[in-house]
Amino acid sequence: SFIGEESVAAGEGSVLTDNPTWIIDPIDGTTNFVHRFPFVAVSIGFVVNKKIEFGIVYSCVEDKMYTARKGKGAFCNGQKLQVSGQEDITKSLLVTELGSNRDPETIKIILSNMERLLSIPIHG
């Protein structure tokens, strides 16, 4: 099976089943693309039994290929990635995406979540 982000965004329905399924977003960062902001990627995932098996993200402008496979780790251009050793959330750097949904209830939830994070306080 195939699920395409652009077709779902256009209103086509999709159902994730147990069948092997490719999930593809050919312009991941559509809003960035429209505004010529250079963070755009092609994202591909493969799911079996509703569980992700592997994913690939190609950052076009940076010419970086990110890959990950369940149980095998994540890589950028073949080099293994790892999380930082930072355990103190007050010294962490938080990066977030607000999303494109402007439904008032969704905005309320997003802003409430951000307020909780900022009150910790985070480092940046």
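Residues numbered from 1 in each chain as written. Predicted model: local features only at pLDDT ≥ 70, side-chain atom pairs only at ≥ 80, totals over all residues. Heavy atoms only, no water.

Draft legend 1. Examining the overall build of the chain more closely. Within the chain, the secondary structure is distributed over 3 helices and 7 strands. The secondary structure elements of the chain, listed N-terminal to C-terminal, are β-α-β-α-β-β-β-β-β-α. For the C-alpha atoms alone, the extent of the chain along its principal axes is close to 45 × 40 × 35 Å. Expressed as a percentage of its 124 residues, the buried residues of the chain come to 10%. Counting only contacts in the chain whose residues sit at least 6 apart along the sequence, the fraction spanning at least 24 positions is 22%. Within the chain, the 15 negative side-chain charges are centred at a point lying 7 Å from the centre of the 12 positive side-chain charges. (Helix = DSSP H or I, 4+ residues; strand = E, 2+ residues; numbered from the N terminus. Buried < 20%, exposed > 50% of the residue type's maximum accessible area, 1.4 Å probe, protein only. Contact = heavy atoms within 4.5 Å. Lys, Arg positive; Asp, Glu negative; His and termini not counted. Charge placed at Lys NZ, Arg CZ, Asp CG, Glu CD.)

Draft legend 2. The pattern of salt bridges, seen in detail. One pass over the structure, following the stated rule, counts 2 salt bridges. Two residues, E53 and K70, come together in a salt bridge whose shortest N-O distance is 3.4 Å. Note that E53 is positioned in strand 4 (residues 51-59) and K70 in the loop between strand 5 (64-69) and strand 6 (73-76), a separation of 17 residues in sequence. Judged by its relative accessible area of 26%, E53 is partly exposed. (Salt bridge = Lys/Arg side-chain N within 4 Å of Asp/Glu carboxyl O.)

Draft legend 3. Spatial organisation of the layout of surface pockets. The volume enclosed by the largest pocket comes to roughly 360 Å³. What lines the largest pocket is E5, D25, I27, D28, G29, T30, T31, N32, F37, E97, G99 and S100. At the level of elements, strand 2 (21-28) and helix 2 (30-34) are the ones that each hand at least two residues to the lining of the largest pocket. In terms of residue class, the lining of the largest pocket is made up of 2 nonpolar, 6 polar and 4 charged. (1 Å grid on protein atoms, 1.4 Å probe; cavity = no way out; pocket = protein on both sides within 12 Å on 5 of 7 lines; lining within 4 Å. Points joined across faces, edges and corners; volume = space filled by probe spheres on them. Nonpolar A, V, L, I, M, F, W, Y, C, P; charged D, E, K, R; others polar.)

Draft legend 4. Looking closely at the environment of I23. Mapped onto the elements, I23 comes out in strand 2. The class for I23 is partly exposed, based on a relative accessible area of 33%. Distance from I23 to F2, taken between C-alpha atoms, is 5.9 Å for residues 21 residues apart in sequence.

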